[in-house]
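# Structural overview for review
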Amino acid sequence: MLLALRTSLLAILLFALTTPIFAQGTAADYQRMQQLGRTTGGKVFRDDVIPNWLPGGDHFWYRVRTGQRLHEFVFVDATKGERKAAFDHEKLAQQLSQLLSKEVRPAQLPFDRIQFSEDLGRIIFQVAEDTFQVDRNDQSLTRLDQPVESLLSSMPAFQRPYPSTDKGGEITLKVVNETTETVKLFWIDRDGRPVFYNDVDAKKDFDRRTFVGHVWLVLNTRGQALGVFEATDPVSVMKVDGKNVRELPRRRQRGDRGPRPSRTSPDGQWTASIENHNLVIRQDNSGEPIRLTTDGTADKYMHDRFYWSPDSKRLIAMEVTPGHGREVTIVESSPEDQLQPKVHTYSYAKPGDKIRQQWPRLFDLEKKEEIALDRSLFENPYAVSGESWQIDSSEFRFLFNQRGHQAIRVLAIDRNGIVRTIVEETSNTFVDYTNKIHYNPEPDKNELVWMSERTGWNHLYLIDAAKGEVQNPITQGKWVVREIERVDRDQRQIWFTAGGIVPGQDPYYLHHCRVNFDGSDLTILTEGDGTHQVHFSPDGRYVIDEYSRVDLPPVHTLRRVEDGSLVCELEQGDASQLLETDWKMTERFAAKGRDGETDIYGVIYFPTNFDPAEKYPVIEYIYAGPHSAFVPKRFSTLDQKRELAELGFIVVQIDGMGTNHRGKAFHDVCWKNLSDSGFPDRIAWMKAAAEKFPSMDLSRVGIYGGSAGGQSALAALLWHGDFYDAAVADCGCHDNRMDKIWWNEQWMGWPIDESYAQNSNVTHANKLQGDLFLIVGEMDTNVDPASTMQVVNALVKADKDFDLLVVPGGGHGIGSGRYGMRRTRDFFVRKLHGVEPRR
């Protein structure tokens with residue numbers, strides 16, 4: 001009896017020594033997490049400036065939130081560099097209180113829009129059905145009889161879509177389509193890219209879930225913008241009336257081939273058609289066919305896109321060999337409209353598949369015969385695009401992307417069939433064609449603005465297209481051009497964003513710049529230690545520069561576009577009320593990577609009840625896709641990582657080697673090496689962070705991610721199970737041979753070789769260490785769900801324990817939805833805290 005008692009006491013003592021001395025993952029933690037959005041939402045003020053530019057382009061006003069349900073109207077005189085209150089708020093409130101017979105507070109004026117008179121001496125506004133005028137000189141208030149429509153018809157200056165940020169909790173977006181046509185609703189993601197969500201029918205409303213700070217764009221069927229809207233209120237109403245239609249800069253997408261060329265020659269003398277797979281022309285609508293090819297078959301046919309020389313003496317047509325046409329089949333187990341399952345099939349090319357290929361062929365219309373071409377410069381095409389004749393009919397030019405993406409060329413075919421290279425990029429690894437190729441055909445020019453990593457850094461070059469030579473570098477240095485925003489041919493200037501251009505700052509921070517074609521007068525238009533986005537005045541003379549960091553609320557300044565000089569400061573975001581809720585600023589942290597030299601950047605999230613004297617398990621959110629970089633740089637108050645931290649974790653996110661935007665050598669680490677996922681850098685970073693923040697308990701480390709992040713999360717347990725203890729892998733592309741062709745051949749290469757199998761989680765499933773939770777949606781059309789199930793098969797064969805969630809009807813990223821995230825959180829609480837959730 002005594003021995004049994006001693007044994008029990010010893011067991012209790014050992015449990016106590018290995019269990020945290022304070023509870024984590026409790027019901028109280030979950031409740032605090034669920035209330036985080038409501039607790040912290042809407043508590044950052046002076047963080048947004050939406051300008052209403054006045055005629056003449058030197059003045060604007062805006063309304064800024066100064067507190068909970070408090071606001072101020074601000075007037076800016078750019079000529080004087082002056083920012084001040086648009087009127088005396090105190091005096092106006094007193095006068096309105098008397099006229100309306102109710103209390104009106106200076107910071108809660110009962111209107112949200114104003115209009116200035118032409119001389120800027122008076123302000124007009126509406127309260128309910130009444131219209132008032134304020135004299136800005138003596139602040140006198142007058143009630144007007146003039147209808148409000150004629151006074152308040154002006155609209156604020158149109159804003160280009162800008163990246164979404166996480167400023168608060170979950171809210172509702174209500175789109176009210178008042179137009180007579182169906183419109184398209186897009187979410188602007190955190191990189192500023194539009195993501196299509198829904199069609200909204202004419203004269204209909206549409207509600208969807210969103211978050212404070214998320215930006216939405218509405219387009220009509222012609223691709224014109226009808227509105228850009230940032231969600232801020234619990235029910236944010238976006239009215240679309242079609243009265244403010246704007247053209248957006250066109251961004252060429254993969255597969256976007258532009259308008260179909262005409263079947264008729266420019267002089268109207270010739271028409272072209274495809275008959276029995278061959279090219280046939282007819283002259284003067286005579287009806288007499290002239291067969292220009294005879295070798296066409298179903299396996300090698302002429303395509304009906306015709307490129308006529310402007311003088312109508314030459315014709316380019318494309319020869320096509322069809323691809324394999326792979327289809328993926330999935331089963332919808334629980335369709336909403338019937339009891340029995342449904343089978344769905346969709347086109348989905350995978351790495352190594354035989355693809356559709358095309359080659360230009362040249363025809364002399366005067367001699368009615370083909371001119372033979374040497375194809376050695378454009379053999380084995382992955383894509384041919386940007387096709388156009390020069391305006392003088394001297395050359396046909398096009399962009400050639402060789403399969404395997406190790407050679408990309410702008411080629412020219414002269415009217416005699418001579419093929420030459422204007423400019424080319426080659427690499428022993430890959431050319432990042434999805435992000436770092438800039439080619440805009442200009443039929444009347446003999447120079448090109450070209451983007452290249454030939455020095456190891458992504459920069460711009462002016463190409464003499466006639467000579468096929470670099471005329472001059474436009475930008476240069478150990479920093480990168482991120483995106484060309486505008487090419488001004490008249491002024492011979494380029495407007496672009498850059499990363500790493502300001503020494504001492506995080507190299508991922510975006511700055512907006514301008515440079516001349518000859519490389520002179522490089523001007524950084526933005527200033528401040530943070531990542532920037534800009535809004536230009538309607539006439540382009542001024543720019544509102546907004547910047548922030550994860551630990552700095554947005555700062556707004558007004559600058560001159562001429563030289564980037566400061567006109568005046570506008571707003572400094574105020575997070576004081578947010579910090580009163582015990583909300584913790586996201587921590588920026590940098591440490592050396594695997595080589596001991598390269599800085600690796602990441603962020604750290606702490607729970608609101610963080611106690612530096614305690615120990616916390618660490619969870620890494622991972623997405624290591626080489627197409628971009630993913631650590632957040634803008635200020636936000638809420639996201640899933642921060643919510644997860646509330647359950648007693650320290651959550652981190654890191655950009656390791658192999659991700660983008662840091663130079664070619666940094667990027668090349670991913671080449672045929674996706675299973676690396678930057679883990680040596682991530683582990684080194686976390687060890688360095690734990691030295692600075694001893695609360696990080698690296699004996700308990702979890703990792704989670706989706707898509708490419710799901711592939712990496714599982715790879716963490718296969719290759720680094722001595723460091724990572726638990727992983728959640730959602731919709732992972734676990735074997736790159738199973739995933740979409742364009743993404744995987746870009747980084748893993750072509751033809752398929754042993755590197756694909758070596759990087760496959762399926763191949764190495766038997767190496768699993770630690771606790772694994774796999775999630776997949778049965779209706780995922782982005783990553784073939786079979787990719788996850790093949791991992792499951794390999795794990796079963798290896799006799800490994802793991803958890804699996806298959807979501808009926810679930811699509812790509814289902815693990816980041818409400819149910820998937822609840823299961824993810826519970827998994828980490830069980831595995832890293834060693835307790836049952838919510839107890």
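The rules we used
Residues numbered from 1 in each chain as written. Predicted model: local features only at pLDDT ≥ 70, side-chain atom pairs only at ≥ 80, totals over all residues. Heavy atoms only, no water. Helix = DSSP H or I, 4+ residues; strand = E, 2+ residues; numbered from the N terminus. Rg over C-alpha atoms; globule rule 2.2 N^0.38 Å. Contact = heavy atoms within 4.5 Å. Areas by Shrake-Rupley, 256 points an atom, 1.4 Å probe, with all protein chains shown as cover. Lys, Arg positive; Asp, Glu negative; His and termini not counted. Charge placed at Lys NZ, Arg CZ, Asp CG, Glu CD. Buried < 20%, exposed > 50% of the residue type's maximum accessible area, 1.4 Å probe, protein only. Pairing = 2+ DSSP bridges. Salt bridge = Lys/Arg side-chain N within 4 Å of Asp/Glu carboxyl O. Right-handed = clockwise from strand over helix to strand, strands pointing away. Phe/Tyr/Trp six-rings, centres within 6.5 Å; stacked < 30°, edge-to-face > 60°. Lys NZ or Arg CZ within 6 Å of the ring centre and 35° of its normal. Core = buried A, V, L, I, M, F, W, Y, C linked by side-chain atoms within 4.5 Å. Polar contact = N/O pair within 3.5 Å; in protein donor to acceptor, adjacent residues only side chain to side chain. pLDDT = per-residue confidence, 0-100. Axes fitted to C-alpha atoms, helices over the stretch in contact; angles between N-to-C directions. Expected span 1.5 Å × (residues − 1).

## As for the overall build of the chain
What the chain contains, in helices and strands, is 14 helices and 47 strands. Since a compact globule built from 839 residues should have a radius of gyration of about 28 Å, the 30 Å found for the chain is in line with a globular shape. On the principal axes, the C-alpha backbone points of the chain span a range of 100 × 90 × 60 Å. Taking the intrachain contacts of the chain between residues at least 6 apart in sequence as the baseline, contacts between residues at least 24 apart amount to 58%. Counting every atom, the chain has about 36,800 Å² of accessible surface; 48% of that belongs to carbon and sulfur. A distance of 2 Å separates the average location of the 102 positive side-chain charges in the chain from that of its 120 negative side-chain charges.

## Quick look at the environment of Glu569
Relative to the elements of secondary structure, Glu569 occurs in strand β39 (residues 566–572). Here Glu569 is in contact with Arg83, His556 and Thr557, once residues within four sequence places are set aside.

## Topic: helix α11 (residues 741–748)
Of all 8 residues in α11, 8 are buried, a share of seventy percent or more. Among the residues making up α11, those that are buried are Ile741, Trp742, Trp743, Asn744, Glu745, Gln746, Trp747 and Met748. Next to the buried residues of α11 lie β25 (381–389), α8 (664–668), α10 (708–719) and α12 (754–758). Count one or two residues on from α11 and you reach Gly749, which has phi positive near 85 degrees.

## A closer look at the sheet that holds strand β18 (residues 290–291)
Within the open sheet, the 3 strands sit side by side as β16-β17-β18. Their pairing is antiparallel. For this open sheet the edge positions go to β16 (270–275) and β18, each flanked by a neighbour on one side alone. Bridge analysis of β16 against strand β17 (residues 278–283) gives 6 bridges, and the strand direction is antiparallel. Each bridged residue has a counterpart across the sheet, and for Ala272 the counterpart in β17 is Ile281.

## Digging into the environment of Phe773
Mapped onto the fold, Phe773 is located in strand β46 (residues 771–777). Phe773 sits in the buried class, given a relative accessible area of 2%. Distance from Phe773 to Asp730, taken between C-alpha atoms, is 8.4 Å for residues 43 residues apart in sequence. Contacts of Phe773, omitting those with residues within four sequence positions, involve Ala727, Val728, Ala729, Asp803, Leu804, Leu805, Arg823, Thr824 and Phe827.

## Comments concerning the pattern of salt bridges
Pairing between side chains becomes possible if they bear opposite charge and their charged atoms approach one another. Inspection of every chain in the model, using the stated rule, returns 59 salt bridges. Note that Glu319 and Arg375 form a salt bridge whose closest N and O atoms lie 3.0 Å from each other. With a gap of 56 residues between them, Glu319 in strand β20 (residues 314–321) and Arg375 in the loop between β24 (369–371) and β25 connect regions that are remote in the sequence. Two residues, Asp826 and Arg822, come together in a salt bridge whose shortest N-O distance is 2.9 Å. Pair noted here: Asp826 and Arg822 are both in helix α14 (residues 818–833), with a separation of 4 residues, about one helical turn. Each of Asp295, Lys300, Glu319, Arg361, Glu370 and Arg375 takes part in a single network of salt bridges with overlapping partners.

## A closer look at the pairing of strand β26 (residues 395–402)
Each regular strand displays side chains that alternate between the two surfaces of the sheet. Judged by how many residues are buried, β26 sits mostly within the fold: 7 of 8 residues are covered. Pairing geometry for β25 and β26, over 6 bridges, is antiparallel. Note that in β26 the partner of Ser385 across the bridge is Leu399. Linkage of β25 to β26, two consecutive antiparallel strands, is achieved through a turn of 5 residues, within which Ser393 is found at a positive phi near 65 degrees. As judged from the 7 bridges shared by β26 and strand β27 (residues 407–414), these two strands associate in the antiparallel manner. Looking across to β27, one finds that Phe398 is bridged to Leu411. In this structure, the hairpin formed by β26 and β27 is closed by a connection of 4 residues, where Gly404 is found at a positive phi of approximately 100 degrees.

## Examining the pairing of strand β47 (residues 803–807)
Judged from the 5 bridges that link them, β46 and β47 form a sheet pairing that is parallel. Bridge assignment links Ile775 to a residue of β47, and that residue is Leu805. For the crossover that starts at β46, traverses helix α13 (residues 786–797) and ends in the parallel β47, the hand is right-handed.

## Overview of the packing of aromatic side chains
Per the stated rule, a full pass over the model turns up 37 aromatic pairs. With 6.0 Å between their ring centres and 45 degrees between their planes, Trp61 and Phe73 make a pair best called tilted. With Trp61 in strand β2 (residues 59–67) and Phe73 in strand β3 (residues 70–77), this residue pair connects regions lying 12 residues apart in the sequence. In this structure Trp61 comes out as buried when scored by relative accessible area, which is 3%. Judged by relative accessible area, Phe73 falls into the buried class, the value being 0%. Plain terms: the ring middles of Phe773 and Phe827 are 5.5 Å apart, the flat faces sit at 35 degrees to each other, and that makes the pair tilted. Pair noted here: Phe773 is in strand β46 and Phe827 is in helix α14, with a separation of 54 residues, a long-range link. One exposure class covers both Phe773 and Phe827, and it is buried. Members of the aromatic cluster, connected to one another through ring pairs, are Trp61, Phe73, Phe87, Phe111, Phe125 and Phe132. Sitting over the ring of Tyr461, Arg454 keeps its end group 5.2 Å from the ring centre.

## A closer look at the nonpolar core
Of all hydrophobic cores here, the largest spans 46 residues; its most connected members are Ile604, Val652, Trp685, Met686, Met696 and Tyr724. Those residues in contact with Met696 that sit more than four places away from it in its chain are Ile604, Lys615, Tyr616, Val618, Ile650, Val652, Met686, Ala689 and Ala690. Membership of the second largest hydrophobic core comes to 31 residues, among which are Leu399, Tyr433, Leu448 and Trp671.

## Here we look at the environment of Asp304
As for its placement among the helices and strands, Asp304 is situated in strand β19 (residues 301–308). Separated by 30 residues in sequence, Asp304 and Ile274 place their C-alpha atoms 6.2 Å apart.

## Considerations on the side chain of His59
Tracing the chain through its elements places His59 in strand β2. Looking at His59, the relative accessible area reads 15%, which means it is buried. Side chain to side chain, His59 and Asp77 meet in a polar contact 3.5 Å long. Beyond its immediate stretch of four places on either side in the chain, His59 contacts Asn52, Trp53, Leu54, Phe75, Val76, Asp77, Thr79 and Leu120.

## A word on the confidence of the model for the chain
Averaged over the chain, the pLDDT score is 92; the fraction of residues at 70 or greater is 93%. Residue range residues 148–158 is modelled with pLDDT below 50. Its contacts to residues more than four positions away, or to other chains, number 27 contacts.

## Let's talk about the sheet that holds β24
Strand order in this open sheet of 4 strands is β19-β20-β23-β24, and the pairing throughout is antiparallel. The open sheet has two edge strands with one neighbour each: β19 and β24. Within the sheet, the average angular offset between the axes of one strand and its neighbour, ignoring direction, is 40 degrees.

## A word on unusual backbone geometry
For residues other than glycine, phi is negative in most cases, and the peptide bonds are mostly trans. Note that the residue after Trp750, namely Pro751, is joined by a cis bond; omega there is 0 degrees. Summarising the element assignment, Pro751 is placed in the loop between α11 and α12. Non-glycine residue Asp521 carries a positive phi angle of around 55 degrees. A positive phi angle is found at Cys731, which is not glycine, with a value near 45 degrees. One can find Cys731 in the loop between β45 (726–730) and α11.

## Things to note about α14
Here α14 is 16 residues long and its end C-alpha atoms lie 22 Å apart, about the 22 Å a rise of 1.5 Å per residue gives. If you check which residues of α14 are buried, you get Gly820, Met821, Thr824, Arg825, Asp826, Phe827, Phe828, Val829, Leu832 and His833. Gly834 lies just past α14 and shows a positive phi near 70 degrees.

## Considering the side chain of Thr557
Along the polypeptide, Thr557 turns up in strand β38 (residues 552–560). Exposure remark for Thr557: the relative accessible area of 6% places this residue in the buried category. Engagement of the side chain of Thr557 in a polar contact is seen with the side chain of Arg559, the distance being 3.4 Å.

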